[in-house]
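# Structural overview for review
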Amino acid sequence: MFVNSLWALLPPIIAIVLALITKEVYSSLMIGIITGGLLYSGFNPVGAMNHIFVDGMIAQLSDPWNVGILIFLVVLGSIVMLMNRAGGSAAFGRWASTHVKTRLGAQLATIALGTLIFIDDYFNCLTVGSVMLPVTDKHKVSREKLAYLIDATAAPVCIIAPISSWAAAVTGFVEGANGLELFIRAIPYNFYAFLTFVMMITIAVGGFDYGKMAQAEKQCGITTSPDGSLKHPSLTGAEDQPNPPISQKGRVIHLVLPIFALIICCIIGMIYTGGFFDGEGFVTAFSNADASTGLVFGSMAALLITILFYLATRVLDFNECMNAIPEGFKSMVPAILILTLAWTLKSMTDSLGASEYVGGLVEQVAENGMVMSLLPAFVFIIGAFLAFATGTSWGTFGMLIPIVVSAFHSDINNELMIIAISACMAGAVCGDHCSPISDTTIMASAGGQCEHIKHVSTQLPYAITVAAVSVFCYILAGFVRNWIITLPISIVLMIVVLLAIKNFTKSK
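Just so it is clear, the model here is predicted, and its values are computed rather than measured.

The rules behind each value
- Residues numbered from 1 in each chain as written.
- Predicted model: local features only at pLDDT ≥ 70, side-chain atom pairs only at ≥ 80, totals over all residues.
- Heavy atoms only, no water.
- Helix = DSSP H or I, 4+ residues; strand = E, 2+ residues; numbered from the N terminus.
- Buried < 20%, exposed > 50% of the residue type's maximum accessible area, 1.4 Å probe, protein only.
- Contact = heavy atoms within 4.5 Å.
- Areas by Shrake-Rupley, 256 points an atom, 1.4 Å probe, with all protein chains shown as cover.
- Axes fitted to C-alpha atoms, helices over the stretch in contact; angles between N-to-C directions.
- Parallel < 35°, antiparallel > 145°, perpendicular 65-115°, else oblique.
- Left-handed = near helix turned anticlockwise from the far one by under 90°.
- Nonpolar A, V, L, I, M, F, W, Y, C, P; charged D, E, K, R; others polar.
- Salt bridge = Lys/Arg side-chain N within 4 Å of Asp/Glu carboxyl O.
- Expected span 1.5 Å × (residues − 1).
- Core = buried A, V, L, I, M, F, W, Y, C linked by side-chain atoms within 4.5 Å.

## Digging into the overall build of the protein chain
Within the protein chain one finds 25 helices and 0 strands. Counting every position in the protein chain, which comprises 508 residues, the buried fraction comes to 55%. In the protein chain, the share of contacts with a sequence separation of at least 24, taken over all contacts with a separation of at least 6, comes to 80%. When the accessible surface of the protein chain is totalled, it reaches about 20200 Å², and 67% of it is carbon and sulfur.

## Re the packing of helix α14 (residues 253-273) against helix α16 (residues 291-313)
α16 packs onto α14 with a crossing angle of 150° between their chain directions and a minimal axis gap of 7 Å. By the criterion of interaxial angle, the relationship of α14 to α16 is roughly antiparallel. Considering the relative orientation of α14 and α16, their crossing is right-handed. Classifying every residue of the contact of α14 with α16 gives 17 nonpolar, 9 polar and no charged.

## Details of the pattern of salt bridges
Following the criterion strictly, the structure yields 8 salt bridges and no others. Note that E327 is salt-bridged to K330, the shortest N-O span being 3.3 Å. Of this pair, E327 and K330 both sit in helix α17 (residues 318-331), separated by 3 residues, roughly a single helical turn. A relative accessible area of 22% means that K330 is categorised as partly exposed. One network of salt bridges, with partners in common, ties together R103, K145, D209 and E217.

## Structural notes on helix α20 (residues 375-390)
Between its terminal C-alpha atoms α20 stretches 22 Å, which fits the 22 Å expected from 16 residues at 1.5 Å a residue. Taking burial as the measure, the 16 residues of α20 include 12 buried ones, the bulk of the element. Residues of α20 that are buried include every one of L375, P376, A377, V379, F380, I382, G383, A384, L386, A387, A389 and T390, and no others. Directly beyond the C-terminal end of α20, a positive phi value near 75° is found at G391.

## Some details on the nonpolar core
Within the largest apolar cluster, 72 residues are counted, with the highest numbers of intra-cluster contacts made by L29, L73, L82, Y310, L339 and M443. Tallying contributions element by element places helix α4 (residues 64-85) first for this core, with 12 residues. Other than its neighbours up to four places away in sequence, Y310 contacts L82, M83, A86, H254, P258, V315, L316 and C321. If you look at the next biggest cluster of nonpolar residues, it comprises 67 residues, including A193, M425, A426 and L460.

## Structural notes on the packing of helix α18 (residues 333-351) against helix α23 (residues 439-447)
Geometry of a packed helix pair, given as the angle between the helix axes and the separation of the axes. Put simply, α18 and α23 touch, their axes get as near as 10 Å, and they point 170° apart. By the angle class used here, α18 and α23 are roughly antiparallel. Every residue of α23 that contacts α18 at A335, I338, L339, A342 and W343 is listed here: D439, I442, M443 and A446. The class makeup of the residues in the contact of α18 with α23 is 8 nonpolar, no polar and 1 charged.

So this is what it looks like as structure tokens:
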């Protein structure tokens, strides 16, 4: 009764609504999980418990991909803590203060760095956050704005980068056609990704915000300590040393070299898992890469390099390095807990057949020849809703892309199929961007050291604005079928909408 029906979407909807209302994510996710378990078991308490913990939580924490992501988080947290203890982050903050002298500069620098790190969204979120946090704090950019900039340059960058873990995932879901060629041809039609960039740059250069983000930015300017620095509550409550010792010997190189090592080692780790060292080409190796395993290899190598470098330069001794590692683990505990609950909720939704139900809706639309030109807009909306409800964009790709390809009989010469596939990717990123149970959203909160629900509630109006303009653009693209015309129109339209919002909020 409850499987493969609208009921399958009830658990994530309950979790999301409760999280937004109560501002408390842990209990909201648990209630959603319990609801899913009860629906699956026909309201049998014993069956529900077995499904939640055995088929859900234990199965998710036994999945090699998920375990790899958790290990990567722990190691990355340790590297960030080491950089902080070594004084590298503080030194970079001092250096940046002489080069980045305005709030606009701090925001544009964050956007630029996020754009450059396009390999993987998890990697992007935590790396950009650790590097830019001292800079944005100095210029009184709110943690909510930093988390938004991190999130908006994570998935939206990866989904238009041919060499990324996301490109590899998308191409793996395409059957009967050249997946990488389809991905590259779909890039110019990915309106949500491009318009997100337009949004970030416009509000930064225009010096305005709206919705709850405006309140957060205003509050950030007045919430300071007696010494003028920003005050932020602990996200973990687990620090053994509230004021840990920071080396006075730290230099900018003590932040730059570990980050550089992390980037290089993660790239090498990913192409290694894709068979590069067994004779595969670079692009092919990236397409076949296991991002989870590759990031574990890369982060562990970078952690070892960081420790050896700090010992060699005597900025930290061995005991100080070892003490920083568990503290880095603790800093990631909130993100790990939310991820675990979000993955469990996703398994409840999957077992109830949410993806199959939504996929059936797409097939019904595709079978109606009368509305084929509107198909990209429908796919975008359905993809966004599915990713929002399940918290996974990759799962949305896996369900919708094969349906779209089969609807067009794998005809790679059909421009409408290219637009529809791009709409699927854009919709999945949009829903992932908005969802409080999305792993990328959780990572952005961790990277920006922002309370998770505050990040979600401040980001949502911005993401919805871009999504609304994107829907209109996909309707236009379905009829015009030429990105050279539709992409510039979409950019101009986005700027016009934002300027209208600026004038409205100013007059109000």
